[in-house]
Amino acid sequence: MNALLTSAVAGLTAGGTYALLGVCAVFTYRLVAVVNFTGAAIGAAGTFVLIALYEAGFPIWPSVLAGIAAGTLTGVAVGYIMTRSFGEASASTKAAVTVALLVGLIAIGLRLTGGQHPHNMPELFPGSAFRLAGVEVTIASVLTIGLAVLFTILSDLFLNRTKVGLNLRALADRPMAAELLGVRVQLLSLLVWGMTGAFTTFALMIIAPQRSPNFMTLSLLVVPALAAALVGVFRSFWWTLAGGIALGVVEGLASSIDSVSQYRSAIPFLVVLSVLLWSQREARWDEAR
Amino acid sequence: MSRLVVSNLSINRAELPVVTSVDLIAESGAISVVLGANGAGKTTLLEGLSGIIPVAGGTIAIDGRELQNARPGTRSREGLAHVEQGRTVFRQLTTDENLRVSLHPGADMAEAYALFPELLQRRAVKASLLSGGEQQMLVIARALLTRPKVLLIDEMSAGLAPVIVTRLMTAVRKLADDGLAVLLVEQFAALALSIGNRAYVMSRGRVVYDGDCAKLRQSPDELHRLYLGGTEVPAEAN
């Protein structure tokens, strides 16, 4: 029993990261109408700037800041492509473009970072925060979940209490009508891409030491992130947050059960499949009637 | 005084000419009415003026400043407001929030509610839940808060009850009387001509009539002929 609890708690760090990446995906979708497959790859780009600087002997915290800046700029660059060239495209076209950009980013990232070559990723927040039912809860777990909760609260406050947030909600509803009213559509879109790039990068910096820190592995964290976003139906920040944390905990539990541990990487796909089937149930009933 | 001057404007859609060599002006304190049958190019003309679609040639100037290559947002900040066809409210925002999005420096929300007091009691209601007439009032009021010099309005009467259309027309006339230059595209010719000053009739992408609204209102046969896109008549000299 204690082993299960330990595994579940161990999954909290991953869960917090999935939640934060998922909330960022919902933020991007709600405000610039893009299902963004590049989210984690953008974070991976920033994380590898940190790794490169750290391996070159630079002090850790300036390297973290440089990494976050790089992640922000990568986000803005991807956003620039999306808003300039695909601003009026359909949601499915935009999603397909981000898949293509993901492949491109992974190819470039692997090339620049030496493929599967192992890297020395520093642990930013080592150690235990507290004990829960006899199980150590790491600072990284608390931080990723805290960051996800913070981003969720800030997103709600930002969108509902500020003029920029109001303009972003208008932009998400009718981009052209917003632009005709003088709303600086491109600037706001790039702000969204930059903000999510920064948060994603920081989340990946925390989780990277626990994963195999290569560009591909980190970039593919977009799969559990989008699974979490699907739990929130790409609308609810709080359901996405809960979905991400639950996904991490379930993965953690699965890793402690021998018969299923080798399939735990399939769990996000099962969640995606389940949510999609569940969302189609009404259509099926309608057809049956 | 001519606020909006359009010269030799051409606009294509899918590389086919839809608006060809159009000249028109909109003056402060006046309503210029653009009439024409479906497919005449009226909506395309307005979309080209506000920058929704690019123009193929010609110039668009507000107070002498050329804007034909500017983005829609820039044109808005230069004083061009466009009330699109189809009542493009921000559906998930309340009436008040819709107005706040467009609130430019120097504008006051009270101006919008003074123009349409009907919206005051609906200020906390989501725009998607407003009636068609209220939505049309909201998009006109929203455009007003951008502090425009020129207001383009596309088919504001579509799908609305006559009593609401009359209410809207009265409000637009008041805006012009307060000094705004209005370019009004409308299907209901009689009503538009009754509040307008200058009329343009378009047929197959060209202006085939340019003259006084009152004069055209008194010549229903000529209007009918122009609407049907029959013999093209030379534009009236000013």
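Every value quoted in this text rests on a predicted model; they were computed, and no experiment measured them. (Residues numbered from 1 in each chain as written. Chains lettered and ligands numbered in written order. Predicted model: local features only at pLDDT ≥ 70, side-chain atom pairs only at ≥ 80, totals over all residues. Heavy atoms only, no water.)

(A) How the structure looks around the overall build of chain A. Assigned secondary structure in chain A consists of 14 helices and 2 strands. Split into buried and exposed, the 289 residues of chain A put 49% on the buried side. By sequence separation, contacts in chain A at least 24 residues apart represent 76% of the contacts at least 6 residues apart. For chain A, the distance from the average site of its 16 positive side-chain charges to the average site of its 12 negative ones is 7 Å. (Helix = DSSP H or I, 4+ residues; strand = E, 2+ residues; numbered from the N terminus. Buried < 20%, exposed > 50% of the residue type's maximum accessible area, 1.4 Å probe, protein only. Contact = heavy atoms within 4.5 Å. Lys, Arg positive; Asp, Glu negative; His and termini not counted. Charge placed at Lys NZ, Arg CZ, Asp CG, Glu CD.)

(B) A look at the packing of aromatic side chains. All names here are of chain A. Here the structure, examined in full by the defined rule, presents 7 aromatic pairs over all chains. Relative to Phe237, the ring of Phe27 has its centre 6.3 Å away and its plane inclined at 40°; by these criteria the two rings are tilted. With Phe27 in helix α1 (residues 2-32) and Phe237 in helix α11 (residues 237-255), the pair connects residues that are 210 residues apart, well separated along the chain. For Phe237, a relative accessible area of 2% translates into the label buried. When the ring of Trp61 is compared with that of Phe125, the centres are 5.7 Å apart and the planes differ by 55°; the resulting orientation is tilted. (Phe/Tyr/Trp six-rings, centres within 6.5 Å; stacked < 30°, edge-to-face > 60°.)

(C) Focus on the interface of chain A and chain B. Contacts between the two partners involve 18 residues from chain A, matched on the other side by 26 residues from chain B. Its largest share of buried area at the contact with chain B, chain A owes to Arg174, Leu180 and Leu181 of chain A, together 35% of the area lost on that side. Linking chain A with chain B are 3 salt bridges. Put simply, Arg71 of chain B and Glu179 of chain A hold a salt bridge, and the shortest N to O gap is 3.0 Å. There are 10 residue pairs in polar contact (both at pLDDT 80 or more) connecting chain A and chain B. Elements with a contribution of two residues or more to the side of chain A that touches chain B: α6 (163-173) and α7 (175-180) of chain A. (Buried area = accessible area lost by both parts, 1.4 Å probe. Salt bridge = Lys/Arg side-chain N within 4 Å of Asp/Glu carboxyl O. Polar contact = N/O pair within 3.5 Å; in protein donor to acceptor, adjacent residues only side chain to side chain.)

(D) Local environment of the environment of Phe37 of chain A. Residues and elements named next belong to chain A. Tracing the sequence through the fold places Phe37 in the loop between α1 and α2 (39-55). Sequence separation between Phe37 and Gly109 is 72 residues; the distance between their C-alpha atoms is 15 Å. Not counting residues up to four positions away in its chain, the partners in contact with Phe37 are Ala95, Thr98, Val99, Leu102, Val222 and Leu226.

Note that every value here comes from positions in space, so none of it alone points to a role or purpose.
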